[in-house]
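Close look at the chain arrangement
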Amino acid sequence: MWKDFFEGLARLKESGKPFVVATVVKVSGSTYRRPGARVLITEEGATTGLISGGCFEGELIEKAKRVIQTKEAALATFDTTSPDDLLFGLGLGCTGVAQILLEPFDGSSQISHLDFIGQHVSQREEAVLATVFRVHEVSGVSVASRLMLQNDRQEAEGIQNREVIDALNTECRSILQSRQSKVQTFPLGGGHVEALVEYIELPLPLIIFGAGPDAVPLVRFAKELGWNVTVVDRRPAFARKDRFPGANVILTEPEELSASVKLDFTTAAVIMNHHFETDLNFLRVLLPLPVFYIGLLGPASKTDLLFQKLREEGVVPANEQLLRLFSPVGLDVGAETPEEIALSIIAEIQAVHSGYSAGFLKERSGPIHKRG
């Protein structure tokens, strides 16, 4: 999660001690994390973050220590595609290849690309970062060179080759539209450059309408995932900051919602007031908005009554609006307790956000992760 990563980075920079930022830049086959995953590694071997589930962190730490000594970035490859790997190799049990860029820094280092990510994550602005990790017979660019793009502003770091800058800029603009990171090879003259072109994922904004006791575990689970959580309620006794640590808490009426909360295509919303009229008022406001997910707590019969009431008011939701409505909210996992229900809701939001069907992985015919 970005929060833990940047808190760890701040501590390391304050200490002044050398460390390595290890970034997964390319994978094939079965691997634990996808391109863009990062971990911080100190010269003592302490880590912040996880990129392999602990499988090859030991070997990665040793490589990081060598990078700290040489003070030069290096590309490390972990290949477990051979059947002999379980017996004679790292024994990861995953048949894949992970390529990881290791870069040395210390407290005095200016880490502009991480500052760039941190700024846009905190300000909730879309951005793209292109990281070069392989260069073959192309001048004016080196491993760990970068191009950073946000709207119409671009910044090249370690790249003097105009052709490289133009190629990366064009791909970054495409990624800004698709919002899908990818690894791309750029043929340039007689050589080529390979780069991870990374869409900077922002913390998912979750707005919970209803600050009852069952909202507490929902907030807690969402915060564990690093989501940006806001709780909205019209009741002063419930809308209290002390009940929802780490969340934004807003006391407002449904008709004043737009002035208090940003609701756009990146937002997931859950309505759980346990009060028919209040749920109706929030549903009436939310349906026309471009949020990608609206979860409504309660049985299907309640949903039918809510829409009957809306129709009586002359409100007829479009099919596109109904496709974004999930009611009863949550996956069918046999949930009964508030914690179980919260888990089912969080899992459903994650599936919808990722574009997955939320079925059993053992029944999936293709790869677990989407390919970039």
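Parameters and conventions
Residues numbered from 1 in each chain as written. Predicted model: local features only at pLDDT ≥ 70, side-chain atom pairs only at ≥ 80, totals over all residues. Heavy atoms only, no water. Helix = DSSP H or I, 4+ residues; strand = E, 2+ residues; numbered from the N terminus. Buried < 20%, exposed > 50% of the residue type's maximum accessible area, 1.4 Å probe, protein only. Contact = heavy atoms within 4.5 Å. Areas by Shrake-Rupley, 256 points an atom, 1.4 Å probe, with all protein chains shown as cover. Lys, Arg positive; Asp, Glu negative; His and termini not counted. Charge placed at Lys NZ, Arg CZ, Asp CG, Glu CD. Polar contact = N/O pair within 3.5 Å; in protein donor to acceptor, adjacent residues only side chain to side chain. Expected span 1.5 Å × (residues − 1). Salt bridge = Lys/Arg side-chain N within 4 Å of Asp/Glu carboxyl O. Pairing = 2+ DSSP bridges. Axes fitted to C-alpha atoms, helices over the stretch in contact; angles between N-to-C directions. Core = buried A, V, L, I, M, F, W, Y, C linked by side-chain atoms within 4.5 Å. Parallel < 35°, antiparallel > 145°, perpendicular 65-115°, else oblique. Left-handed = near helix turned anticlockwise from the far one by under 90°. Nonpolar A, V, L, I, M, F, W, Y, C, P; charged D, E, K, R; others polar.

For the rest of this paragraph, the subject is the overall build of the protein chain. Secondary structure assignment for the protein chain yields eleven helices and 16 strands. Within the protein chain, the proportion of its 372 residues that are buried is 45%. Contacts in the protein chain between residues far apart in sequence, at least 24 positions, make up 57% of those at least 6 positions apart. Of the roughly 18400 Å² of accessible surface on the protein chain, a fraction of 52% belongs to carbon and sulfur atoms. Computing the positive centroid from 37 side-chain charges and the negative centroid from 47, the protein chain places the two 1 Å apart.

Position of T77 among the secondary structure elements: in strand β4 (residues 74-79). We classify T77 as partly exposed; its relative accessible area is 44%. When the C-alpha atoms of T77 and A98 are compared, they prove to be 5.8 Å apart, with 21 residues separating the residues in sequence. In this structure, T77 is in contact with V97, A98 and Q99, ignoring residues within four places of it in sequence.

Once that is clear, we can look at the side chain of E103. With respect to the helices and strands, the residue E103 is situated in strand β5 (residues 96-105). Taking the relative accessible area as the measure of exposure, E103 reaches 4% and is therefore buried. A distance of 2.6 Å separates the side chain of E103 from the side chain of R146, its partner in a polar contact.

This part takes up helix α9 (residues 300-312). Here α9 is 13 residues long and its end C-alpha atoms lie 19 Å apart, about the 18 Å a rise of 1.5 Å per residue gives. Its buried side turned inward, α9 meets α8 (276-286), β15 (293-296), α10 (319-323) and β16 (325-326). Within two residues after α9, G314 carries a phi angle of roughly 90 degrees, on the positive side.

Summed over the entire model, instances satisfying the criterion amount to 18 salt bridges. Across the salt bridge formed by E194 and K26, the nearest N and O atoms sit 2.6 Å from each other. Of this pair, E194 sits in strand β10 (residues 191-199) while K26 is found in strand β1 (residues 19-29), placing the two residues 168 residues apart along the sequence. E194 gets classed as buried once you look at its relative accessible area, which sits at 6%. Judged by its relative accessible area of 27%, K26 falls in the partly exposed class. A salt bridge links E126 to R179, with the shortest nitrogen-to-oxygen separation between them at 2.4 Å. Of this pair, E126 sits in the loop between α4 (112-123) and β6 (128-136) while R179 sits in the loop between α5 (162-178) and β9 (182-188), placing them 53 residues apart in sequence.

On to the pairing of β5. Here β5 lies mainly inside the structure; nine of its ten residues are buried. Strand direction decides the pairing type here: β4 and β5, joined by six bridges, are antiparallel. Note that in β5 the partner of A76 across the bridge is I100.

Here the focus is the sheet that holds strand β14 (residues 268-271). Reading across the sheet, the six strands line up as β13-β12-β11-β14-β15-β16 and stay open at both edges, with parallel pairing between neighbours. Bordering the open sheet on either side are β13 (248-251) and β16, each of which pairs with just one other strand. Looking at chain direction, strand β11 (residues 205-209) and strand β12 (residues 228-233) are connected through five bridges and run parallel. Across the sheet, F209 pairs through a bridge with V232, a residue of β12.

Once that is clear, we can look at the sheet that holds β10. What links the strands of a sheet is backbone hydrogen bonding, and the strands pair in either a parallel or an antiparallel sense. What the five strands build is an open sheet, ordered β8-β7-β6-β10-β9; its pairing is antiparallel. Sheet topology places β8 (153-157) and β9 at the edges, where each strand pairs with a single neighbour. When strand polarity is set aside, the average angle formed by the axes of neighbouring strands in this sheet is 20 degrees. Relative to β10, β6 is paired through eight bridges, and the arrangement is antiparallel. The partner of T131 across the bridge, within β10, is L196.

This paragraph deals with the nonpolar core. Nonpolar side chains tend to gather and get buried jointly when the protein is soluble and globular. Residues L206, I208, L218, W227, V270, Y293 and I349 are the most contacted members of the largest nonpolar core, which totals 24 residues. Breaking this core down by element, the ones donating at least two residues are β11, α6 (215-224), β12, β14 and α11 (338-354). Apart from residues lying up to four places away in sequence, Y293 is in contact with T267, A268, A269, V270, R324, F326, V329, G330, I345, E348, I349 and V352.

So, about the packing of α6 against α11. At their nearest, the axes of α6 and α11 sit 8 Å apart, and the two run at 45 degrees to each other. Relative to α11, α6 is oriented oblique. In this structure, α6 meets α11 at a crossing whose hand is right-handed. Judged by residue contacts, P217, L218, R220, F221 and A222 of α6 engage P338, E339, A342, L343, I345 and I346 from α11.

In terms of strand pairing, β6 meets strand β7 (residues 146-150) through four bridges, oriented antiparallel. When the bridges of β7 are listed, V128 appears paired with L149.

A separate point is the packing of helix α1 (residues 2-15) against α4. Packed helices, taken two at a time, are described by the angle their axes make and the gap between the axes. Across the interface, α1 lies against α4 with an axial gap of 11 Å and an inter-helix angle of 135 degrees. Accordingly, the angle class assigned to the pair α1 and α4 is oblique. The element α1 and its partner α4 pack so that their crossing is left-handed. The residues of α4 that touch α1, namely those facing W2, F5, F6, L9 and K13, are L114, D115, I117, G118 and V121. Among the residues making up the contact of α1 with α4, the classes are represented as seven nonpolar, one polar and two charged.

It is worth stressing that arrangement in space is one thing and function is another; only the former is reported here.
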